[in-house]
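Spelled out from the first residue to the last, the chains are:
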There are 2 protein chains.
Amino acid sequence: MDMTTPIGIWLANELDHVSLVMSDHLKNEHKEVTAICGELAAYRGKMLRPTVLLLSWRSVSSCETTPHEVRVAAGVVELIHLATLVHDDILDEADLRRGAQTINSLLGNEAAVMLGDYLLSSAFLLCSTVKNPELNLLLGEVTNTLCAGELVQLSRRNDVDLDLESYFQIIHDKTASLIAASCEMGAMLGKGSGCEIKALKEFGSSVGMAFQIKDDILDLLGEREIIGKPAGRDLDKGKLTLPIITMLVDNPSLKEEVQKIMGNADRDALSALLHSTGAISSAFDMVSKMVNAAICGVEEVIENESSKQLCALAKQLKSSV
Amino acid sequence: MDMTTPIGIWLANELDHVSLVMSDHLKNEHKEVTAICGELAAYRGKMLRPTVLLLSWRSVSSCETTPHEVRVAAGVVELIHLATLVHDDILDEADLRRGAQTINSLLGNEAAVMLGDYLLSSAFLLCSTVKNPELNLLLGEVTNTLCAGELVQLSRRNDVDLDLESYFQIIHDKTASLIAASCEMGAMLGKGSGCEIKALKEFGSSVGMAFQIKDDILDLLGEREIIGKPAGRDLDKGKLTLPIITMLVDNPSLKEEVQKIMGNADRDALSALLHSTGAISSAFDMVSKMVNAAICGVEEVIENESSKQLCALAKQLKSSV
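Residues numbered from 1 in each chain as written. Chains lettered and ligands numbered in written order. Predicted model: local features only at pLDDT ≥ 70, side-chain atom pairs only at ≥ 80, totals over all residues. Heavy atoms only, no water.

## Remarks on the overall build of chain A
When helices and strands are counted, chain A shows 15 helices and two strands. Computed over the C-alpha atoms, the radius of gyration of chain A is 20 Å, within 12% of the 20 Å expected from 2.2 N^0.38 for a compact globule of 321 residues. With the principal axes as the frame, chain A shows a C-alpha extent of 60 × 50 × 35 Å. Residue burial in chain A is summarised as follows: out of 321 residues, 60% are buried. Contacts in chain A between residues at least 24 apart in sequence constitute 76% of all its contacts with a sequence separation of at least 6. A gap of 2 Å separates the mean positions of the 29 positive and 45 negative side-chain charges of chain A. (Helix = DSSP H or I, 4+ residues; strand = E, 2+ residues; numbered from the N terminus. Rg over C-alpha atoms; globule rule 2.2 N^0.38 Å. Buried < 20%, exposed > 50% of the residue type's maximum accessible area, 1.4 Å probe, protein only. Contact = heavy atoms within 4.5 Å. Lys, Arg positive; Asp, Glu negative; His and termini not counted. Charge placed at Lys NZ, Arg CZ, Asp CG, Glu CD.)

In structure tokens form, the structure reads like this:
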């Protein structure tokens, strides 16, 4: 995003406010807790969820200034995201995130479990401070969906019969639901119409799905190494993702071979198979399709600088890496 | 508690309602999630937190029938408790709870991390359904306190300089705060006076401290084996508890020996030392002192059948095991 345009400057300024809301909220009377939270620095990323929340709010709101409640909601969704990252790293036995050490590798699994819980709880507490029952309800629903998605994914490990519908449901629940809820919260707090709220929520859902599919492709291709995460983790953990599933739907006779490859976590053999069957390019096509759907859905209902920024963000997912 | 008295019958009936609220709430559209929640059966205990919430409510309320909101709040605090048990078992590397297999030993640490998150999130969602902002705020505050307590405890492992004040703060935060909040929620929902709410909250806090101190003593004595939990876990995990701390405060020269004993997790040597210095009986005295304080505090402000039941519950903690 061009941070020199008026909307880019506005967004950068708002994200600074959100960061401040978060860091103020994470200050604890016990210095040990504040110190452990300090280790989260490596987990701070592009703040995608606060960004779409803020832009969704701005795309429907007639307010000149951003209410405190909106910045709080943006901090809340980012805290939930941070909590899932900390716990995901335990599940993935990951040592590195964005090139820095993960909490579990730095402080042990026990501290990582508790820190994730503390972040989850802090998100709920922060949300409760604005005393908006609808916001609390929406947050509770989306975190339940997130956790259920992770539980279903765990139960389907190494399952070469995982069908497309189940895969889409899993990535919707574990990833897209929070991005969708971020858009929905922004639109709701901006007092958008029912139609606007629905369009922005669906935008978030499609973008979230596209985002997860792309992440899954990059993990298979080993290109995640570029962004500081170890690649091939899904294969190690027995997670079947879109390219493998479409390949097996198109070529059921490959199931046995894929099972063997997954058992040995043989990345090169899998990569060759995926490329030769066209499964990788078909998965990239799915990313494009979802991004286009996201953009069309919003353009039908809203058209202003903020909605254009949302669409520009979505378009970035179509670039090759 | 005598379950044949009118109040005993009332309580048993209310706890059935609370169990129903919880099991209904944990039904998930994904059968995998409902199945994993089914494994929680072994975690269902005496429902201490819903019990004190219900009795606190009844001790101040003039309502004839129990409002749905009260049963929901009772389910919420029990869900939070279940979440902490599931995550505690990961931290403690425990295989058994009440004689049955723990979630982590049954389904692995990953499923246990996610199930704990799901329970935590479900508690917040359930709480949000009654749309009472004060209740949400209270819940967010107490879960933050709980997690912070666990984080502080983790950071003080194997620290023979842990002082009494810090120990009391840790057990207040990680255990007593939720029991105190349960009493407070009950009293608040029953529209108790400020004085009544304060007295019941302090009752819960003292009872919670006494409960944790007793649990810590039983772990050191190896008597937890009786109730189906492995004993000596605190020693294995480097957790210093009241008997050890008071012994070291009274006999600082023993620090080196205790450090050695903890390094070898030599339970018999520690037990002999604790008995010979009188540290065990002095810790039991502290349990009695706290129970008495809890009872006095309530009796000063409220006196009816419900408050008497609360005091009777507290008295049970003074029995030797």
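## A few points about the packing of helix 4 (residues 68–91) of chain A against helix 7 (residues 133–155) of chain A
Residues and elements named next belong to chain A. Two numbers describe how helix 4 lies on helix 7: the axes approach to 12 Å, and their chain directions differ by 20°. The angle between helix 4 and helix 7 places the two elements in the roughly parallel class. Note on packing geometry: the crossing formed by helix 4 with helix 7 is right-handed. Two secondary-structure elements touch here, helix 4 through A73, V76, I80, T84, D88 and L91 and helix 7 through L135, L139, T143, L146, E150 and L154. Looking at the contact of helix 4 with helix 7 residue by residue, the class counts come to eight nonpolar, two polar and two charged. (Axes fitted to C-alpha atoms, helices over the stretch in contact; angles between N-to-C directions. Parallel < 35°, antiparallel > 145°, perpendicular 65-115°, else oblique. Left-handed = near helix turned anticlockwise from the far one by under 90°. Nonpolar A, V, L, I, M, F, W, Y, C, P; charged D, E, K, R; others polar.)

## Examining the environment of S128 of chain B
Of note, S128 of chain B is situated in helix 6 (residues 109–129). In sequence terms S128 of chain B and V72 of chain B are 56 residues apart; their C-alpha atoms lie 9.9 Å from each other. With residues up to four places along the chain from it excluded, the contact list for S128 of chain B reads N136 and L137 of chain A together with N136 of chain B. Within the structure, S128 of chain B has its side chain in polar contact with the side chain of N136 of chain B (distance 3.3 Å). (Polar contact = N/O pair within 3.5 Å; in protein donor to acceptor, adjacent residues only side chain to side chain.)

## Some points on the interface of chain A and chain B
At the junction of the two partners, chain A supplies 43 residues and chain B supplies 43 residues. Taken over both partners, the interface formed by chain A and chain B buries close to 4,000 Å², and the fraction arising from carbon and sulfur atoms is 70%. Considering only the side of chain A, the residues that lose the most area to chain B are E110, M114 and L151 of chain A, jointly responsible for 17% of the buried surface there. Put simply, chain A and chain B have six salt bridges between them. In this structure, the salt-bridge partner of K131 of chain B is E134 of chain A, at a minimum N-O distance of 2.9 Å. (Buried area = accessible area lost by both parts, 1.4 Å probe. Salt bridge = Lys/Arg side-chain N within 4 Å of Asp/Glu carboxyl O.)

## As for the confidence of the model for chain A
Across chain A, the average pLDDT comes to 92, with 96% of residues at 70 or higher. ipTM for the predicted complex: 0.94, alongside a pTM of 0.94. (pLDDT = per-residue confidence, 0-100.)

## Some details on the pattern of salt bridges
The tally for this structure, following the rule as stated, stands at 22 salt bridges over all chains. Of the charged contacts, one joins K27 of chain B and D24 of chain B as a salt bridge, the two residues approaching to 3.2 Å between their closest N and O atoms.

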